[in-house]
Amino acid sequence: MRVVEVQGYGGADAVRVVERPLPVPDVAGRVRVRVEAAAVNPVDVATRAGWLAALLPDLTAPFVLGWDFAGVTDDGQRVAGFVPWFEQGGTVGAQASVLFADPAWFAPVPASTDLVAASTLPLNAVTAAQALRIAGLTAGRSLLVTGASGGVGGFAVQLAAAAGIEVTAVASTGDEAFVAGLGAKTVLSRTDTPPPKAFDAVLDAASVPGAIAAVRDGGVHVAVTDPSAPAPERGVRVGTVHVAADRALLAELLGAGLITRVAGTLPLDEAAEAHRRLEAGGLRGKLVLTT
C-alpha cells in the first residue's frame, strides 16, 4: 500500500509518499477500504508543520496524515468518512491507498455523488452539524457564521438555513454570491463589522477575535478550536465543538444534497504539492488526493 508519510515536523518537503506493507488490523471489526479520494485539510498542514505538537506529545515520526476519505469496501460498498485522527494518535491516516476503518467512521455514499466530492464532506459537515447542536437554535432564531466560504462555515450555513434559522454569513471577497446561494439571508464581507449584540448565536468557524461581541446578552458563542474560544461575558454561553465520529449523522449529511467545492485533484504522489498550494492560500474548495 502507498501512504502519505510525514518524516518529521517541517515544511512541505517533509511529506513523502512511500510503500508500506499492508497492516494486520489490531482492532476487531475494522473494515478494509480501498481509498479512491482523500481530501487535504488545514489540520493536515498544521500537524505536519508541528503547530499541534503540544496537543500530540506522544506522536512520533514517521506518521501517516489524513482525516477525510472516500472509497470502496471489499464487499463493493461506496463509502466516505473521516478518521478521528487525534483519537488514533496518528497511528491511522486516510491519505493512503488502503485504510482499515472502524465502521463508525464511515457511511454509504449515494449513487448520485462521486467519491471525490464525497471526500470533501465528512469532517467539515459533521463538525458543522455538531457545532449547531451546541448552539441549540430553533427555527426563527438568528445565527452569525464566520468563515462561511470555507468548509465548516459553508456547511453550517446550509444546515442552519434548512432548519429555518436566519443566517448572516461572513464571506471572503468574491464569494458573496456563492454564500448567499447556500441559504444565508445576509452576507457580510470580512472587512465588515457585524452589529454588536445582534445574534442569538455565533458559530465562529474562522476564529475571528472578538466575534463574541456580536452575540446578544445570554446568547451562545461556538468556537471550532479551543484557542479561539473566548472567555464568557454578559451571560453568553461559550462552547467548543470537538468533532466525534457519528455514523448516523454522517449518513444523513451524505444524503442531504449539501453543496461542496473541489478546488482540484492531485494524484497521491503529489501530496507535498497539495500542501504547498493549501499553504499558499486563495483556494476555493478542497484539494483532493486521488489514488
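Refer to the structure presented above.
Residues numbered from 1 in each chain as written. Predicted model: local features only at pLDDT ≥ 70, side-chain atom pairs only at ≥ 80, totals over all residues. Heavy atoms only, no water.

## What about the layout of surface pockets?
Here is step 1: For the second largest pocket, the calculated volume is near 410 Å³.
Here is step 2: The wall of the second largest pocket is formed by 22 residues, among which Pro23, Thr91, Val92, Gly93 and Phe100 lie closest to the centre.
Here is step 3: Elements with a minimum of two residues in the lining of the second largest pocket: strand E4 (63-64) and strand E7 (98-101).
Here is step 4: The element that contributes the greatest number of residues to the lining of the second largest pocket is E7, accounting for 3 residues.
Here is step 5: Considered class by class, the residues forming the lining of the second largest pocket number 15 nonpolar, 4 polar and 3 charged. (1 Å grid on protein atoms, 1.4 Å probe; cavity = no way out; pocket = protein on both sides within 12 Å on 5 of 7 lines; lining within 4 Å. Points joined across faces, edges and corners; volume = space filled by probe spheres on them. Helix = DSSP H or I, 4+ residues; strand = E, 2+ residues; numbered from the N terminus. Nonpolar A, V, L, I, M, F, W, Y, C, P; charged D, E, K, R; others polar.)

## A closer look at the environment of Ala104
Here is step 1: Note on placement: Ala104 falls in the loop between E7 and strand E8 (106-108).
Here is step 2: Given the relative accessible area of 34%, Ala104 is considered partly exposed.
Here is step 3: For the pair Ala104 and Asp246, spaced 142 residues apart in sequence, the C-alpha separation works out to 6.4 Å.
Here is step 4: Excluding residues within four positions of it along the chain, Ala104 makes contact with Ala245, Asp246 and Arg247. (Buried < 20%, exposed > 50% of the residue type's maximum accessible area, 1.4 Å probe, protein only. Contact = heavy atoms within 4.5 Å.)

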